[in-house]
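# Chains, contacts and geometry: an overview
One-letter residues, chain by chain:
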Amino acid sequence: LIGAGSVLAYVGSVCWLYEKPDFGMAALVGIAGIDLLAAWFAGGAFSYWYGDGTAHVISSASVAAWLLVCLDPVTSGLVTGVTIAAMLLGHWYLNSPTMELNPLKRLIRLLMAVAVLRAIVCAIGLAVLWAMTGPPANLSLWFFALRWLSGVFGLLGLAWMALRTLDIPNTQSATGILYVAVIAAFTGELCGQLLSHGALYPL
């Protein structure tokens, strides 16, 4: 899957280079689908029900747990991807300062929405894991604090600041804030991966 995604990424870049947006968009959709499948395979979403060779009992709890496993790479990818997209779009306003600001504002609002969605998924995962096994053994208070302060609350605060800065409007300052938001998103997700290592659910 990774090899197929790499080949399709090259094909897509050629399509955009030769100004074939329809084929380029199709390639982007294909890359997203392949990457999502690869993430689900790596995260064990497809082996959840038969991971040990026997079928798990299907119950509402097991379905909810499987949904958490499936939503983990989706929400993580949305947080990092939308943050980077907003930063890159903000950077383009430096080259074309007369562009309409609404697309960037919509992207920042989407960033805030996916950050909240990511927080909900991780909070549910932590609550379920805590209720089942008690505090995770690898739960470091410092990493946990950095994960939430940087990757959730900090990211939401920076997105709100960028949105308010565009009301002035000052696209250069908003882009600088979005640069910091990219760092906050990556820091939060990296800490989340460290905390979730060996855990059943995303943290």
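The present account deals with the structure reproduced in this document. All figures in this text were calculated on a predicted structure; none of them were measured in a lab.

## Topic: the overall build of the protein
A tally of regular secondary structure across the protein gives 6 helices and 0 strands. Residues counted as buried form 36% of the 203 residues belonging to the protein. Here the analysis covers contacts within the protein between residues at least 6 apart in sequence; of these, 69% occur between residues at least 24 apart.

## Remarks on the nonpolar core
Nonpolar side chains in soluble globular proteins tend to end up buried together. Ranked by size, the top nonpolar core spans 25 residues in total, and within it Leu 104, Ile 108, Leu 111, Leu 155, Leu 166 and Leu 178 carry the most contacts. Sort the elements by how many residues they give to this core and helix α6 (residues 171–196) lands first, with 7 residues. Setting aside residues up to four positions removed in sequence, Leu 166 forms contacts with Leu 101, Leu 104, Lys 105, Ile 108, Thr 171 and Ala 174. Counting residues in each nonpolar core, the second largest holds 8 residues, with Ala 65, Leu 68, Leu 129 and Tyr 201 among its members.

## Some remarks on the environment of Gly 157
Residue placement: Gly 157 occurs in helix α5 (residues 141–166). The partly exposed category is assigned to Gly 157, whose relative accessible area is 28%.

## Let's talk about the pattern of salt bridges
In total, this model carries 5 salt bridges according to the counting rule given. A salt bridge links Asp 72 to Arg 118, with the shortest nitrogen-to-oxygen separation between them at 2.7 Å. Of the two residues, Asp 72 sits in helix α3 (residues 60–95) while Arg 118 sits in helix α4 (residues 102–133), which places them 46 residues apart along the sequence. Through salt bridges with shared partners, one network takes in Asp 72, Arg 118, Arg 147 and Glu 189.

## Focus on the packing of aromatic side chains
According to the stated counting rule, one finds 2 aromatic pairs in the structure shown. Ring centres of Phe 144 and Trp 148 lie 6.3 Å apart, and the angle between their planes is 50°; this geometry places the pair in the tilted category. Highlighted residues: Phe 144 and Trp 148, both in helix α5, separated by 4 residues, approximately one helical turn. Here Trp 148 and Phe 153 contribute two aromatic rings whose centre-to-centre distance is 6.1 Å and whose plane-to-plane angle is 40°, an arrangement assigned as tilted. Looking at Phe 153, the relative accessible area reads 52%, which means it is exposed. Taken together through their ring pairs, the aromatic side chains of Phe 144, Trp 148 and Phe 153 make up a single cluster.

## Observations concerning unusual backbone geometry
Cis rather than trans, the peptide bond between Ile 168 and Pro 169 has omega equal to -5°. Mapped onto the secondary structure, Pro 169 falls in the loop between α5 and α6. Positive phi, normally seen in glycine, also occurs at Glu 19, with a value near 55°. With respect to the secondary-structure elements, Glu 19 resides in the loop between α1 (2–17) and α2 (21–43).

## Here we look at the packing of α4 against α5
One way to put it is that α4 packs onto α5 with a least axis distance of 9 Å and a crossing angle of 160°. Looking at the two axes, α4 sits roughly antiparallel to α5. Pair α4 / α5 crosses with left-handed handedness.

## Regarding the side chain of Arg 147
Within the element layout of this structure, Arg 147 appears in helix α5. A polar side-chain atom of Arg 147 sits 3.3 Å from the main-chain carbonyl oxygen of Leu 203. Non-local contacts of Arg 147, meaning those with residues more than four positions away in its chain, are made with Arg 118, Cys 122, Val 152, Gly 188, Glu 189, Cys 191, Gly 192, Leu 195 and Leu 203.

## Points about α6
Given 3.6 residues per turn, any residue in an α-helix points the same way as the ones three and four places further on. Taking 1.5 Å per residue as the helical rise, α6 with its 26 residues ought to reach 38 Å, and the 36 Å between its terminal C-alpha atoms agrees with that figure. Among the residues of α6, the N-terminal cap falls to Asn 170, whose side-chain oxygen and the backbone nitrogen of Gln 172 are separated by 3.3 Å.

## Details of α5
With 26 residues, α5 extends 36 Å from end C-alpha to end C-alpha; this agrees with the ideal 38 Å at 1.5 Å per step. Its maximal kink placed at Gly 154, α5 deviates by approximately 40°. Residues of α5 that are buried: Arg 147, Trp 148, Ser 150, Gly 151, Val 152, Leu 155, Leu 158, Ala 159, Ala 162, Leu 163, Thr 165 and Leu 166.

Procedures and definitions
- Residues numbered from 1 in each chain as written.
- Predicted model: local features only at pLDDT ≥ 70, side-chain atom pairs only at ≥ 80, totals over all residues.
- Heavy atoms only, no water.
- Helix = DSSP H or I, 4+ residues; strand = E, 2+ residues; numbered from the N terminus.
- Buried < 20%, exposed > 50% of the residue type's maximum accessible area, 1.4 Å probe, protein only.
- Contact = heavy atoms within 4.5 Å.
- Core = buried A, V, L, I, M, F, W, Y, C linked by side-chain atoms within 4.5 Å.
- Salt bridge = Lys/Arg side-chain N within 4 Å of Asp/Glu carboxyl O.
- Phe/Tyr/Trp six-rings, centres within 6.5 Å; stacked < 30°, edge-to-face > 60°.
- Axes fitted to C-alpha atoms, helices over the stretch in contact; angles between N-to-C directions.
- Parallel < 35°, antiparallel > 145°, perpendicular 65-115°, else oblique.
- Left-handed = near helix turned anticlockwise from the far one by under 90°.
- Polar contact = N/O pair within 3.5 Å; in protein donor to acceptor, adjacent residues only side chain to side chain.
- Expected span 1.5 Å × (residues − 1).
- Bend = angle between axes of the 7 residues up to and from the residue.

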